[in-house]
Amino acid sequence: MRKTHSTDPSWSDVTPKADFLNRRQIMAGAGAMALGSIAGPALASIDAKPSAYSTDAAPNTLKEITSYNNFYEFGWDKGDPVQYAGQMVTDPWSIEIDGLVDKPGTYPLDDILKPVTLEQRIYRFRCVEAWSMVIPWIGFELSALLDRVGVQPSAKYVAFQTLYRPEQMPGQRQGGIDWPYVEGLRLDEAMNPLTILATGLYDEEMPNQNGAPIRLVVPWKYGFKSIKSIVKISLTEKEPPTTWNRLQPREYGFYANVNPEVDHPRWSQATERRVGAGLFAGREPTLMFNGYGEEVASLYSGMNLAKFY
Ligand SMILES: Nc1nc2c(c(=O)[nH]1)N[C@H]1C(S)=C(S)[C@@H](COP(=O)(O)O)O[C@H]1N2
Ligand SMILES: [Mo]
């Protein structure tokens, strides 16, 4: 994991961990420092304004976020990605964008990042396995990229694909999943301002185990929708196949909206365990749309959410 600059203040330098009362001011200060000091294309410019979309909840530690991961390309255990993802080569990197767009092509990551304004988004993150974290992502709205390539009127869905490189991804040399990992969103979900492409977290470029160099983050959906290490984006007319739905269609739907009222066939989704909360902290109630209902509930008005799970 590359530290962005050896003399950068770390989160712990600027933020008394227990005191998030002045979080907004702290964030403004951290952003201003980032503007002056962070180098490298992924973190070249970070908006100094605190994002209105950030949660006030206290973020998990960098250690927690980078050592407890699901990234099946590197194994099935939570500790496998931190151990093995270093093998993945992320430079050079490009994303192929095709399908129903005006400007299809293979875009080098630097070209994708050049015009965007990166911002920090502190999001709640809820895995379908009923654990959760709060993660300070750095990224930009997916809509900014889609607008640049020109989405054609017939497009209704966005499909995403992860890197397929078995020589660097030991999990891809084993069966179980039909590689590469694929995911998808309805176009209006993809264009929602909460949906971001993330290139970093805290003040680090994205660690490999979290989906370097660029991954999707959709905070109102179960974590498996937030596909890592993206190499391809396609605009389609039909709902694209998604990895977990293909594997277990009765357990994992295309929508995968966080919903405490619709249980997984094998466990309740009513509560969650916050990673790092401590042995006696107790479980927290899971919130409808993971707490983002105000921003996204209207996308699903009139839909039966037990049927379209
Ligand atoms: N390519 C790919 N993307 C993936 C996964 C994966 O195994 N492969 N796991 C998903 C799941 S189940 C979760 S919970 C999140 C975990 O993200 P994190 O490790 O950054 O917390 O990544 C999602 N994106
Ligand atoms: Mo997950």
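Residues numbered from 1 in each chain as written. Chains lettered and ligands numbered in written order. Predicted model: local features only at pLDDT ≥ 70, side-chain atom pairs only at ≥ 80, totals over all residues. Heavy atoms only, no water.

Caption draft 1: Spotlight on helix α6 (residues 142-149). Looking at α6, one finds that the buried residues are Leu142, Ser143, Leu145, Leu146 and Val149. For α6, the angular spread of buried residues about the axis comes to 160 degrees, placing them on one side. Note on α6: the residue one or two positions beyond its end, Gly150, has a positive phi of about 80 degrees. (Buried < 20%, exposed > 50% of the residue type's maximum accessible area, 1.4 Å probe, protein only. Helix = DSSP H or I, 4+ residues; strand = E, 2+ residues; numbered from the N terminus. Arc of directions from axis to C-beta.)

Caption draft 2: Spatial organisation of the side chain of His264. Looking at the element boundaries, His264 is found in the loop between α8 (243-247) and β11 (271-274). Within polar-contact distance, the side chain of His264 engages the side chain of Tyr252 at 3.3 Å. Setting aside residues up to four positions removed in sequence, His264 forms contacts with Val128, Glu251, Tyr252 and Gln269. (Polar contact = N/O pair within 3.5 Å; in protein donor to acceptor, adjacent residues only side chain to side chain. Contact = heavy atoms within 4.5 Å.)

Caption draft 3: Representation of the environment of Met169 within the structure. Within the secondary structure, Met169 is located in the loop between β5 (157-162) and β6 (182-186). The spacing of Met169 and Phe71 is 98 residues in sequence and 9.9 Å in space, taken between C-alpha atoms.

Caption draft 4: Structural context of the pairing of strand β4 (residues 131-141). With ten of its eleven residues buried, β4 lies for the most part within the structure. As judged from the eight bridges shared by strand β3 (residues 119-126) and β4, these two strands associate in the antiparallel manner. Bridging across to β4, Glu119 finds its partner in Gly139. Taking the residues between adjacent antiparallel strands as the criterion, β3 and β4 are bridged by four residues, where Ala130 takes a positive phi near 80 degrees. (Pairing = 2+ DSSP bridges.)

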